Amino acid sequence: MAATAISRDEVTGLVLAGGLGRRMGGVDKGLLAWQGRPLAQHALQRLAPQVGALAVSANRHLDTYAGFGVPVLTDTLPGSLGPLAGLLAGLRHARTRWLAVVPCDAPYFPVDLVARLAAGLGGAPIGYARAARTHPVFCLVDTALAETLEAALAGGERRVEHWLRASGGVAVDFDDEAAFANFNTPETLNDG
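A brief structural summary. (Residues numbered from 1 in each chain as written. Predicted model: local features only at pLDDT ≥ 70, side-chain atom pairs only at ≥ 80, totals over all residues. Heavy atoms only, no water.)

**Describing the nonpolar core**
Reasoning step 1: Core analysis: the largest hydrophobic core is formed by 33 residues, its most contacted members being Val15, Leu47, Val102, Leu113, Phe138, Leu140 and Phe180.
Reasoning step 2: Elements represented by at least two residues in this core include exactly β1 (11–16), α1 (39–47), β4 (53–57), β6 (98–103), α4 (113–119) and β8 (134–142).
Reasoning step 3: Those residues in contact with Leu47 that lie beyond four places of it in its chain are Gly13, Leu14, Val15, Leu54, Ala100, Val102, Phe109 and Val114.
Reasoning step 4: Counting residues in each nonpolar core, the second largest holds 26 residues, with Leu14, Leu88, Ala94 and Cys139 among its members. (Core = buried A, V, L, I, M, F, W, Y, C linked by side-chain atoms within 4.5 Å. Buried < 20%, exposed > 50% of the residue type's maximum accessible area, 1.4 Å probe, protein only. Helix = DSSP H or I, 4+ residues; strand = E, 2+ residues; numbered from the N terminus. Contact = heavy atoms within 4.5 Å.)

Right, here's the structure in full:
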């Protein structure tokens, strides 16, 4: 299939920062300082040149996230349903055809992530990153899938990659596994 060309103006970028941070002792990972700034700010800055609009998904410290100057989206469904709930909030918010999603805790993601995901779509409604392994929360999703995702969440789906595949998603190959490294524990944050 042919590569898909998508203008950055057709893409809203979403930084997922709404998790519970269990492996970080329950702290809000997006607000943890790394190199003098919150992790979520690093992600927003890296994603900004790749998209036309930005937002952050958060469920705590909303005033702090609002200070980053982008819309703050909270989960629209009750309970802590994981990254798919943040993705749904992004799909509902976006006024563009596409939503590019990255986690707040992986500041090294490729500076051409969105363009490469778009080029790898081949007509699919979703592209997600794969290097040595898959990285489903680095994805580009057609916003028309909001209702499909809401139904899946209502049906109990919580696995990101499972939903992406079930919705016609394709893995897009990247050659640098280190670009997707994330800070899931205090040790990895200090070593980063």
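**Describing the sheet that holds β1**
Reasoning step 1: Overall, mixed pairing links the seven strands, which are arranged β5-β4-β1-β6-β8-β7-β9 in an open sheet. Every interior strand has two partners, whereas the edge strands, β5 (72–73) and β9 (170–173), have only one.
Reasoning step 2: Bridge count for β6 against β8 is four bridges, and the pairing is antiparallel. In the strand pairing of β8, Ala100 is matched with Leu140.
Reasoning step 3: Taken strand by strand, α1 contacts β1, β4 and β6, and its axis lies near 160° from that of β1.
Reasoning step 4: Packing of helix α3 (residues 83–93) onto the sheet brings it into contact with β1, β4, β5, β6 and β8, and relative to β1 it is tilted by some 150°. (Pairing = 2+ DSSP bridges. Axes fitted to C-alpha atoms, helices over the stretch in contact; angles between N-to-C directions.)

**A few points about the environment of Ser7**
Reasoning step 1: Residue placement: Ser7 occurs in the segment before β1.
Reasoning step 2: Accessibility expressed as a relative area gives 34% for Ser7, which makes it partly exposed.
Reasoning step 3: Sequence spacing of Ser7 and Trp98 is 91 residues, and the spatial spacing of their C-alpha atoms is 9.9 Å.

**Some details on helix α5 (residues 146–154)**
Reasoning step 1: Where α5 is concerned, the buried positions are Ala146, Leu149, Ala152 and Leu153. The buried residues of α5 occupy one face: seen down the axis, they fall within an arc of 125°. Facing away from the buried side of α5 by more than 90 degrees, the exposed set consists of Glu147 and Ala154.
Reasoning step 2: Close packing links the buried residues of α5 with α3 and α6 (160–166). (Arc of directions from axis to C-beta.)

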